[in-house]
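So the chains spell out like this:
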Amino acid sequence: MELLPVLQQRWSPNEFDMQHEISAGEVDLLLEAARWAPSAGNSQPWAFHAARRGDARWHQLTPHLAGSSRPWAMQASLLVVNLSHLYVADTDWKYSEFAAYDLGQAVAHMTIQAHSMGLACRQFRGFDKEALTATLEVPDHWEITTMTAVGQAAPTAQRSPGASSRDNTIVWPRD
Ligand SMILES: Cc1cc2nc3c(=O)[nH]c(=O)nc-3n(C[C@H](O)[C@H](O)[C@H](O)COP(=O)(O)O)c2cc1C
């Protein structure tokens, strides 16, 4: 029994190849992978706003990148805004107790699909959430949770310090 190679090999690069371009078909496949993730009651409490480097949507997103993510996120061939469906519209009723949990699963699906296609992803929170929410006119009952930078890892890309350790994972019972 072995860990799946794609799980073993997945990592989050801190540099992407700026020459790499992602096709519309590849973007569709990534979104399709997210769509097939499990969710509570099949509620699919997620949405994705995808922008290829240089397109009009990309120009809307990039001003909101934080300084910490800007260097590599600007190089990525695709930026995806990952949103969770928090409330039923115009109410304070939760749309799903599991919205963020389920979005995370969908993004994990997308990430693994990307890596199996020879791409790499770096999920991130380093952006101005309020400003991006305003720019994208995200309705009140939705929330931007994270973004994902997708592309081909640059040959010089490195993993964040400590990223290869999994020492914080706790599994009970320990014996
Ligand atoms: C929800 C989430 C938010 C993250 N936010 C950032 C971020 O803002 N900046 C960053 O450089 N990396 C960010 N990361 C990437 C993690 O630091 C990275 O996945 C972790 O160090 C493990 O490394 P690995 O993905 O290479 O295994 C984020 C990852 C997740 C899942």
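Note on numbering: residues in each chain are counted from 1, in written sequence order. Confidence filtering applies because this is a predicted model: local features only for residues at pLDDT of at least 70, side-chain atom pairs given and counted only at 80 or more, and all residues used for totals across whole chains, interfaces and linings. The basis for the side-chain values is all heavy atoms of the structure; hydrogens and waters are excluded.

*Asks:* Explain the overall build of the protein here, please?
*Replies:* When helices and strands are tallied, the protein shows six helices and four strands. Both definitions apply: the radius of gyration is a C-alpha atom measure, and the globule rule equals 2.2 Å times residues to the power 0.38. In terms of C-alpha radius of gyration, the protein reaches 17 Å, essentially the compact-globule figure of 16 Å for 175 residues. By its C-alpha atoms, the protein is 50 × 45 × 30 Å across when sized along the principal axes. Throughout, exposure labels follow a simple rule: accessible area from a 1.4 Å probe, protein chains only, divided by the maximum for the residue type, with under 20% read as buried, over 50% as exposed, and the rest as partly exposed. Considering the protein as a whole, with its 175 residues, one finds that 38% of them fall into the buried category. For the protein, the computed accessible surface area is about 10200 Å², with 53% contributed by carbon and sulfur atoms. Strands are runs of DSSP state E lasting at least 2 residues, helices are runs of H or I lasting at least 4, and numbering of each runs from the N terminus. Only the protein chains shown count as cover for residues, with accessible areas throughout obtained via the Shrake-Rupley method and a probe of 1.4 Å.

*Asks:* I would appreciate a short explanation of the nonpolar core in the present structure.
*Replies:* Where a protein is soluble and globular, its nonpolar side chains tend to be buried together. The biggest cluster of nonpolar side chains holds 21 residues, and the ones touching the most others in it are Leu 61, Leu 79, Val 81, Phe 124, Leu 132, Ile 144 and Met 147. Listed by contribution, the elements that provide at least two residues to this core are helix 3 (56–61), helix 4 (70–73), strand 2 (78–85), strand 3 (120–124) and strand 4 (142–151). Examining the composition of this core, we find that four residues originate from one element, strand 4, more than from any other. What makes two residues a contact is simply this: any of their non-hydrogen atoms within 4.5 Å. Filtering out sequence-adjacent residues up to four positions away, Met 147 remains in contact with Leu 61, Leu 65, Leu 79, Val 80, Val 81, Asn 82, Arg 122, Gln 123, Phe 124, Phe 127 and Leu 132. Think of a nonpolar core as a cluster: buried Ala, Val, Leu, Ile, Met, Phe, Trp, Tyr and Cys residues, connected wherever their side-chain atoms sit within 4.5 Å. With 17 residues, the next largest nonpolar core counts Ala 34, Leu 78, Val 107 and Cys 121 among its residues.

*Asks:* I'm lost on the site of the ligand in this one. Help?
*Replies:* Around the ligand, the structure places 13 residues, and the nearest of them are Arg 10, Ser 12, Gln 123, Arg 159 and Arg 166. Pairs of N or O atoms within 3.5 Å make up the polar contacts considered here, provided that, within protein, one atom can donate a hydrogen while the other can accept it, and that residues adjacent in sequence are counted only when both atoms are side-chain atoms. Ser 12 is positioned with one of its side-chain polar atoms (N or O) 2.5 Å from an oxygen atom of the ligand. Contact distances for the ligand include 3.2 Å between an oxygen atom and a backbone N or O atom of Gly 126. Among the elements that make up the shell around the ligand, the one with the highest residue count is strand 3 (three residues). In this count, Pro and Cys sit with the nonpolar residues alongside Ala, Val, Leu, Ile, Met, Phe, Trp and Tyr, while Asp, Glu, Lys and Arg are called charged and the others, Gly among them, polar. Class assignment of the residues belonging to the shell around the ligand gives a composition of four nonpolar, four polar and five charged. Proximity is defined per residue: if any heavy atom of the residue lies within 4 Å of a molecule or strand, that residue is considered near it.

*Asks:* What is the right way to read helix 2 (residues 24–35) from this model?
*Replies:* Residue pairs three or four apart in sequence face the same way in an α-helix, which turns once every 3.6 residues. If you check helix 2, its first and last C-alpha atoms are 16 Å apart, about what twelve residues at 1.5 Å a residue would give, namely 16 Å. Every buried residue belonging to helix 2 is among Val 27, Leu 30, Ala 33 and Ala 34, and all of these are buried. For helix 2, the arc enclosing every buried residue in end-on projection is 120 degrees, short of the 170-degree limit, so these residues lie on one face. On its buried face, helix 2 sits against strand 1 (46–52), strand 2, helix 5 (99–116) and strand 4. The span you would expect from a helix comes to 1.5 Å times its residue count less one. This arc is built from the directions going out from the helix axis to the C-beta atoms.

*Asks:* When you look at a nonpolar patch on the surface in this model, what are you seeing that I'm missing?
*Replies:* Surface patches are drawn from residues lacking salt bridges whose relative accessible area is over 30%; two like charges belong together within 9 Å, two nonpolar side chains (Val, Leu, Ile, Met, Phe, Trp, Tyr) within 5 Å. Here a salt bridge means any side-chain nitrogen of Lys or Arg lying within 4 Å of a carboxyl oxygen belonging to Asp or Glu. A cluster of nonpolar residues, Leu 3, Leu 4 and Leu 7, forms a patch on the protein surface that exposes about 290 Å² of accessible area. Tracing the backbone shows Leu 4 in the segment before helix 1 (5–9).

*Asks:* When you look at the UniProt feature "domain: Nitroreductase" (unreviewed entry) in the protein in this model, what are you seeing that I'm missing?
*Replies:* In the UniProt entry, the feature "domain: Nitroreductase" (unreviewed entry) is given for residues 8–151. Between the end C-alpha atoms of residues 8–151 the distance is 18 Å, and the span holds 34% helix and 21% strand. UniProt positions are given in the numbering used here, feature names are shortened, and annotations may be inferred rather than shown by experiment.

*Asks:* Just checking my understanding: could you explain unusual backbone geometry for this structure?
*Replies:* Peptide bonds are trans in most cases, and residues, glycine excluded, mostly fall at negative phi. Residues Trp 172 and Pro 173 are joined by a peptide bond in cis, for which omega reads -10 degrees. Considering the arrangement of structural elements, one finds Pro 173 in the segment after strand 4. In this structure, Asp 90 is a non-glycine residue whose phi angle is positive, near 65 degrees. As for its position among the elements, Asp 90 is in the loop between strand 2 and helix 5. Within the chain, Glu 137 stands out as a residue other than glycine whose phi angle is a positive 50 degrees.

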